[in-house]
Amino acid sequence: MLDIVFFLLAFFAIAGAIGMILFHQPVHSALSLILTIIALAGLFALLSASFLFMVQIIVYAGAIITLLIFIIMFLNVKESNLPKEPHKYPAMVVGFVCLIPFNILVLRAFYKMPSSQNIPLETDFGSIKTLGWELFNQWLLPFELISILLLVALIGAVVFGRKDEV
Amino acid sequence: MIEGSLFPYFVVAMILLSIGLLGVISRKNIFVIYMSIELMLSAINLIFVTLSNHYHSMSSQIIAMMVIAVAAAEAAVFLSLIVVLYKRRKSLDSDIFVALSQKESL
């Protein structure tokens, strides 16, 4: 049963990703990316990361991609404003061939990984409580640095959006 | 070698990362390039979550959460940059972004 769910989710994730880089209109690409993101959230749930499942749907699909679609519709892009891409498919074929050695290398690295201990996961693994415990005990400084990064990004976006010449 | 039940997750993440890289190098539409970068970040997230399941450790999930936060910060800056450049040039071609490296071209 779980295998069928996994294959469905993996199929939708990969199909959405392929559609994303093939569609000409940015709106279609963005909708295709939403499919990928939600399928990835399902994969997180299968890996018993329940909190990340929610974060993926709320933050990624709900905030980031929605912001992206909002910007695409806000700009009201006409067909004449889209870039001409005459070398799209040749570049994809050449890139695909160039990526095969890289993928072989990655697969070899996965095969060399040490095996894990064969004990089952705890029942509250991946829940919000265990994640918060770990976050505020061992990862407090990176957490604060992330908040500073978000503040800097906010200021940067405001500076870019000013009306006068930057 | 890792056990068989987790290996397909790595393969899916690897395929998604490759597709994202293909999108970055083959497309010129700046929105698609941005979405490809997001896709690569998500693929790396999937690897982190799979490793968290593999090693029974919560640290990887926290790193994945931080990657999501970095992606959110990136979205704010990248999209406002696209809006500014589109207002000036009326094009979504990524080649207009060479304007950022030249002083007088805007």
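Residues numbered from 1 in each chain as written. Chains lettered and ligands numbered in written order. Predicted model: local features only at pLDDT ≥ 70, side-chain atom pairs only at ≥ 80, totals over all residues.

A. View of the overall build of chain B. Across its full length, chain B carries three helices and zero strands. Secondary structure of chain B in N-to-C order comes out as α-α-α. Computed over C-alpha atoms, the radius of gyration of chain B comes to 17 Å, more than 25% over the 13 Å expected from 2.2 N^0.38 for 106 residues, which places it beyond the range of a compact globule. Each of the three principal axes of chain B carries a C-alpha extent, and together these read 55 × 25 × 20 Å. Within chain B, the proportion of its 106 residues that are buried is 49%. Considering only intrachain contacts with a sequence separation of at least 6, the fraction spanning at least 24 residues in chain B is 44%. (Helix = DSSP H or I, 4+ residues; strand = E, 2+ residues; numbered from the N terminus. Rg over C-alpha atoms; globule rule 2.2 N^0.38 Å. Buried ≥ 20, exposed ≤ 12 C-beta atoms within 10 Å, placed from the backbone. Contact = placed C-beta atoms within 7 Å.)

B. Looking closely at the packing of helix H1 (residues 2-22) of chain A against helix H2 (residues 26-46) of chain A. Residues and elements named next belong to chain A. Taken N-terminus to C-terminus, the directions of H1 and H2 make an angle of 155°; their axes are 8 Å apart at the nearest point. Our classification of the angle between H1 and H2 gives roughly antiparallel. As H1 runs across H2, the sense of the crossing is left-handed. Between H1, through Leu2, Val5, Phe6, Leu9, Phe12, Ala13, Gly16, Ala17, Gly19 and Met20, and H2, the contact on the second element is made entirely by Ser29, Ser32, Leu33, Leu35, Thr36, Ala39, Leu40, Gly42, Leu43 and Leu46. The residue inventory of the contact of H1 with H2, partitioned by class, reads 14 nonpolar, six polar and no charged. (Axes fitted to C-alpha atoms, helices over the stretch in contact; angles between N-to-C directions. Parallel < 35°, antiparallel > 145°, perpendicular 65-115°, else oblique. Left-handed = near helix turned anticlockwise from the far one by under 90°. Nonpolar A, V, L, I, M, F, W, Y, C, P; charged D, E, K, R; others polar.)

C. Broad picture of the nonpolar core. If you look at the biggest cluster of nonpolar residues, it comprises 62 residues, and the most contacted ones within it are Phe44 of chain A together with Ala13, Leu16 and Leu46 of chain B. Every element with two or more residues in this core is listed here: H1, H2 and helix H3 (50-75) of chain A together with helix H1 (7-26), helix H2 (30-55) and helix H3 (59-89) of chain B. When residues of this core are assigned to their parent elements, the largest contribution, 13 residues, is made by H2 of chain B. Those residues within four positions of Leu46 of chain B in sequence are excluded, and the remaining contacts are Leu40 and Leu43 of chain A together with Tyr9, Val12 and Ala13 of chain B. (Core = buried A, V, L, I, M, F, W, Y, C linked by C-beta atoms within 7 Å.)

Everything listed is a geometric property; what it means functionally is a separate question.
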